[in-house]
Amino acid sequence: MLLDTDDSQLVLVDYQSRLMPSIHEGDLVLQNAMRLARMARLLDVPVWGTQENPAGLGENPAEMKALCRKTLDKMSFSAVADGLVEWLRPPARPQGGNARSLPRHLQKPTPAEGLQRNAIVMAGCEAHVCLMQTSLDLLEEEFEVWVVTDACSSRSERNRDAAFDRLAGAGAELVTTEMVAFEWLRGADHPNFREVLTLIK
């Protein structure tokens with residue numbers, strides 16, 4: 001029950017310019033989200049972003065978007081409704097050429113084989129709306145969901161805490177930024193240990 005870099009993806013939900021000023025502990029939450037994104041990039045963990053109605057709520061910070069492979073503009077509260085799963089679980093591609101005529105033990109695996117990353121590390125705002133609805137839908141899609149509590153918030157603590165209670169009851173794991181960091185590293189002998197440590201100290 002520990003996170004593994006080879007099985008993880010990071011999703012950063014709606015850290016938007018017109019939303020964050022009203023978020024409880026918004027500055028700290030955004031700092032932790034950026035730490036997660038930088039750690040993920042160091043450790044080759046895919047990073048994805050979402051933005052809810054960016055015309056109305058503004059964009060995610062440019063620095064965050066630069067760390068993401070893609071950022072999904074959405075109008076649904078759950079990013080799953082607007083196509084997030086297709087990014088997290090790419091479809092298997094058919095093999096080309098005459099590979100099918102080779103004996104099975106000589107065939108190369110399809111590109112999607114061995115690349116499934118089913119542990120989705122989630123962080124975002126608002127915790128009780130877009131973060132929660134996306135996480136619940138990902139659980140329905142049979143992903144493991146790990147919610148980074150100190151990188152999530154809402155306009156009120158009551159709504160944030162209610163979201164955490166509901167997510168835990170639905171089967172999500174509740175973690176912190178440092179828990180994610182040290183589980184991804186697993187030991188002080190990791191080649192990126194010192195670089196990751198500087199991000200969380």
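Quick caveat, the model's predicted, so the values are computed rather than measured.

How would you sum up the overall build of the protein chain? Please name residues and give values.
The secondary structure content of the protein chain amounts to eight helices and six strands. For the protein chain, the α and β elements follow one another from N to C terminus as β-α-β-α-α-β-α-β-α-β-α-β-α-α. The buried share of the protein chain, reckoned over its 201 residues, is 48%. If you sum the accessible surface of the protein chain, you get close to 10,300 Å²; carbon and sulfur atoms cover 50% of it.

So what's going on with the side chain of Thr-50? Which residues, and what values?
Secondary-structure assignment places Thr-50 in strand S2 (residues 47-52). Of the residues examined, Thr-50 reaches a relative accessible area of 1% and is grouped as buried. In terms of polar contacts, Thr-50 uses its side chain to reach the side chain of Asp-14, at 2.7 Å.

Explain the sheet that holds strand S5 (residues 144-148) to me, and be specific about the residues and the numbers.
Read from one edge of the open sheet, six strands run S3-S2-S1-S4-S5-S6, paired in parallel fashion. For this open sheet the edge positions go to strand S3 (70-74) and strand S6 (173-175), each flanked by a neighbour on one side alone. Mean inter-strand twist for the sheet, computed between neighbouring axes without regard to direction, equals 25°. Alignment of strand S1 (residues 8-13) against strand S4 (residues 119-124), held across six bridges, turns out to be parallel. If you follow Ser-8 over to S4, its bridge partner there is Ala-119. Together, S1, S2, S3, S4 and S5 form the strand contacts of helix H5 (residues 127-140), whose direction differs from that of S4 by roughly 170°.

Requested: an account of the packing of helix H7 (residues 177-185) against helix H8 (residues 193-200), with residues and values cited.
Packing of H7 against H8 leaves a shortest axis separation of 11 Å and a crossing angle of 180°. By the angle between their directions, the pair H7 and H8 is classed as roughly antiparallel. Judged by residue contacts, Glu-178, Ala-181, Phe-182 and Leu-185 of H7 engage Phe-193, Val-196, Leu-197 and Ile-200 from H8. Considered class by class, the residues forming the contact of H7 with H8 number seven nonpolar, no polar and one charged.

Hey, could you go over the nonpolar core for me, with residue numbers and the actual values?
Of all hydrophobic cores here, the largest spans 62 residues; its most connected members are Leu-12, Tyr-15, Met-122, Leu-138, Val-147 and Trp-184. Among all residues touching Val-147, those that are not within four sequence positions of it are Met-122, Leu-131, Ser-135, Cys-152, Phe-164, Leu-167, Ala-172, Glu-173, Leu-174 and Val-175.

Outline the environment of Ala-162, listing residues and values.
Relative to the assigned elements, Ala-162 resides in helix H6 (residues 157-170). For Ala-162, a relative accessible area of 42% puts it in the partly exposed group. Separated by 35 residues in the primary sequence, Ala-162 and Ala-127 have C-alpha atoms spaced 8.9 Å apart.

An account of the pairing of S2 is requested, with residue identities and associated values reported.
Extensive coverage of S2 is indicated by the burial of six of its six residues. After leaving S1, the chain enters helix H1 (residues 26-42) and then returns to the sheet as S2, a path that is right-handed.

Describe in detail the packing of aromatic side chains, supporting the description with residues and values.
Applying the stated criterion across every chain yields a total of one aromatic pair. Between the aromatic rings of Trp-48 and Trp-87, the centroid separation amounts to 5.6 Å while the plane-to-plane angle is 40°, which identifies the pairing as tilted. With Trp-48 in strand S2 and Trp-87 in helix H4 (residues 84-88), this pair connects stretches of sequence that are 39 residues apart. One exposure class covers both Trp-48 and Trp-87, and it is buried.

Can you tell me about the confidence of the model for the protein chain, naming the residues and giving the values?
One rule of thumb: low pLDDT means the predicted coordinates there are not for detailed reading. Overall, the prediction assigns the protein chain a mean pLDDT of 91, with 88% of residues at 70 or greater. A low-confidence stretch, residues 110-114 stays under pLDDT 50, and its non-local contacts, those more than four residues away or across chains, total six contacts.

Run through H8, naming residues and quoting values.
Regarding H8, the residues found buried are Phe-193, Val-196 and Ile-200. The buried residues of H8 occupy an angular sector of 70° when projected down its axis, which confines them to one face. Opposite the buried face of H8, by more than 90 degrees, sit the exposed residues Arg-194 and Thr-198. Check the buried side of H8 and you find it contacts H1 and H7.

Quick notes on the rules
- Residues numbered from 1 in each chain as written.
- Predicted model: local features only at pLDDT ≥ 70, side-chain atom pairs only at ≥ 80, totals over all residues.
- Heavy atoms only, no water.
- Helix = DSSP H or I, 4+ residues; strand = E, 2+ residues; numbered from the N terminus.
- Buried < 20%, exposed > 50% of the residue type's maximum accessible area, 1.4 Å probe, protein only.
- Areas by Shrake-Rupley, 256 points an atom, 1.4 Å probe, with all protein chains shown as cover.
- Polar contact = N/O pair within 3.5 Å; in protein donor to acceptor, adjacent residues only side chain to side chain.
- Pairing = 2+ DSSP bridges.
- Axes fitted to C-alpha atoms, helices over the stretch in contact; angles between N-to-C directions.
- Contact = heavy atoms within 4.5 Å.
- Parallel < 35°, antiparallel > 145°, perpendicular 65-115°, else oblique.
- Nonpolar A, V, L, I, M, F, W, Y, C, P; charged D, E, K, R; others polar.
- Core = buried A, V, L, I, M, F, W, Y, C linked by side-chain atoms within 4.5 Å.
- Right-handed = clockwise from strand over helix to strand, strands pointing away.
- Phe/Tyr/Trp six-rings, centres within 6.5 Å; stacked < 30°, edge-to-face > 60°.
- pLDDT = per-residue confidence, 0-100.
- Arc of directions from axis to C-beta.

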